[in-house]
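Descriptive structure summary
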Amino acid sequence: MIFDKALNAAPDRFTVIQLSRYTTWEIGGPTASVIVNTLEELTETVKFVSENSLPWVILGKGSNTLAPTEGWHGVVILLSGELAKFSFNGSLLTAGGGVHLPSMSGAACSQGLTGLVFAVGIPGTVGGAVFMNAGAYGSSISELVEKVRVLHPCGSIEYLTAEDCGFGYRRSRFQKDDSIVLNVVLKLSENAGGGNELRREAREILQIRRQKFPLHAPNAGSVFRRPDNGSPPGKLIEDCGLKGHRLGGAMVSPTHANFIENTGNATSSDVMRLIELVADRVRQDSGITLKREIRRLGERI
Ligand SMILES: Cc1cc2nc3c(=O)[nH]c(=O)nc-3n(C[C@H](O)[C@H](O)[C@H](O)COP(=O)(O)OP(=O)(O)OC[C@H]3O[C@@H](n4cnc5c(N)ncnc54)[C@H](O)[C@@H]3O)c2cc1C
């Protein structure tokens, strides 16, 4: 079996999960996995997988991840317990890498703290958001970052400033190294109009997203990054006549062409082939090269 190496190395340590249940595309076969609740458990796990040459990856909510239908040969590490908690100290918000971003955004609104309302509909974790520099409506998480505490695979801990994180449009240094986002400190501001105003704003954002995005079908948000010339990928794809185009169980969303829907039985290969087909057609028709925003499980790009 694909996960045998991990299970043979430590049968009691890992559990087999189906990645389709841990990714918003609902695609992905079996893998070895472990839930870690404390920094000590995480440090020990990373030491073990490194010493046993097992590939590993931190998985958040899997909302930007394409996992292989045939399963994965490494260890998926899930952050929970004290690594998935957040707390406020005045306008400073400290959150673990495993915190659910929309819940945290909602809590900040209720506290009358502004800055995070843009994230109310981004269905990832804090770690995934920092890794991707997630954003919407002209704001991104990097603008709020005071400090990030990371664990390096060698076991050392480092505190990074926003500048150290190498943030750019959907970019961060974490995409190039193996460091793990343990916690982040975000600087929010008191909202003059209080919590009710922010909650109303959040509800409006969610309403707009329900209309604009195909939230009825499994997807992973925007598939392609916005190209340097600023053209919206959805418009470029729509202009090629690809809205609704299907390949196997994967379909370019008829609602928003930069989304790919799993119509029920899509495989990771259906999705990858559709991504390549779309990128080829856009290149032929407009001369623009689209780059992927979504990531294959465990890849470094
Ligand atoms: C319906 C929908 C709407 C979306 N809308 C938006 C949007 O408006 N704006 C936007 O930017 N994105 C959007 N996304 C994409 C996605 O939600 C974000 O990229 C999110 O930040 C990913 O978080 P995650 O926890 O799901 O990451 P995952 O998919 O679980 O992981 C993504 C990457 O982050 C790494 N990672 C996760 N946690 C850590 C950690 N603690 N330390 C180090 N690395 C880590 C993983 O290893 C992986 O490489 C949307 C997705 C969906 C499904």
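Described below are features of the structure shown in this document. Note that this is a predicted model, so its numbers are computed, not measured. All residue numbers here refer to positions counted from 1 along the written sequence of the relevant chain. The predicted origin of the model limits local features to residues at a pLDDT of at least 70 and limits the giving and counting of side-chain atom pairs to 80 or more, whereas totals for whole chains, interfaces and linings rest on all residues. Heavy atoms from the whole structure form the basis of all side-chain values; hydrogens and water molecules are not counted.

Examining the sheet that holds strand E6 (residues 86-89)
Strand pairing is assigned whenever DSSP identifies at least 2 bridges connecting the two strands. Secondary structure elements follow DSSP: runs of H or I no shorter than four residues count as helices, runs of E no shorter than two count as strands, and numbering proceeds from the N terminus. The five strands lie next to each other as E6-E7-E13-E11-E12, forming an open sheet whose pairing is antiparallel. In the strand order of this sheet, the two ends are held by E6 and strand E12 (157-160), each with one partner. Taking each pair of neighbouring strands and ignoring which way they run, the sheet shows an average axis angle of 15 degrees. Here six bridges tie strand E11 (residues 145-151) to strand E13 (residues 180-187), and the two strands are oriented antiparallel to one another. Throughout, an axis means a line fitted to C-alpha atoms (over the contacting stretch in the case of helices), and angles, computed between N-to-C directions, take values from 0 to 180 degrees.

A closer look at the environment of Leu-242
On the secondary structure map, Leu-242 appears in the loop between helix H6 (233-239) and strand E15 (246-247). Using a 1.4 Å probe on the protein chains alone, a residue whose accessible area is under 20% of its type maximum counts as buried, one over 50% counts as exposed, and one in between counts as partly exposed. You can call Leu-242 buried: its relative accessible area is 1%. For Leu-242 and Pro-254, which are twelve residues apart along the polypeptide, the C-alpha to C-alpha distance reads 8.8 Å. Those residues in contact with Leu-242 that lie beyond four places of it in its chain are Ile-237, Val-252, Leu-277, Val-278 and Arg-281. Contacts were defined at the residue level, with two residues in contact if any of their heavy atoms lie within 4.5 Å.

Quick look at the side chain of Arg-225
Along the chain, the position of Arg-225 falls in the loop between helix H5 (194-212) and H6. We count Lys and Arg on the positive side and Asp and Glu on the negative side, and we leave His and both chain ends out. Put simply, a salt bridge is a Lys or Arg side-chain nitrogen that is within 4 Å of an Asp or Glu carboxyl oxygen. Buried Arg-225, no salt bridge; nearest opposite-charge side chain is Glu-293, N-O distance 6.1 Å. In protein, a polar contact requires one atom able to donate a hydrogen and another able to accept it; more generally it is a pair of N or O atoms within 3.5 Å, and residues adjacent in sequence count only if both atoms are side-chain atoms. A distance of 3.2 Å separates a polar side-chain atom of Arg-225 from the backbone oxygen of Tyr-169. Of note is the side chain of Arg-225, whose polar atom sits 3.3 Å from the backbone oxygen of Arg-170. The contact partners of Arg-225, leaving out residues within four places of it in the chain, are Tyr-169, Arg-170, Arg-171, Pro-233, Leu-290, Lys-291, Arg-292 and Glu-293.

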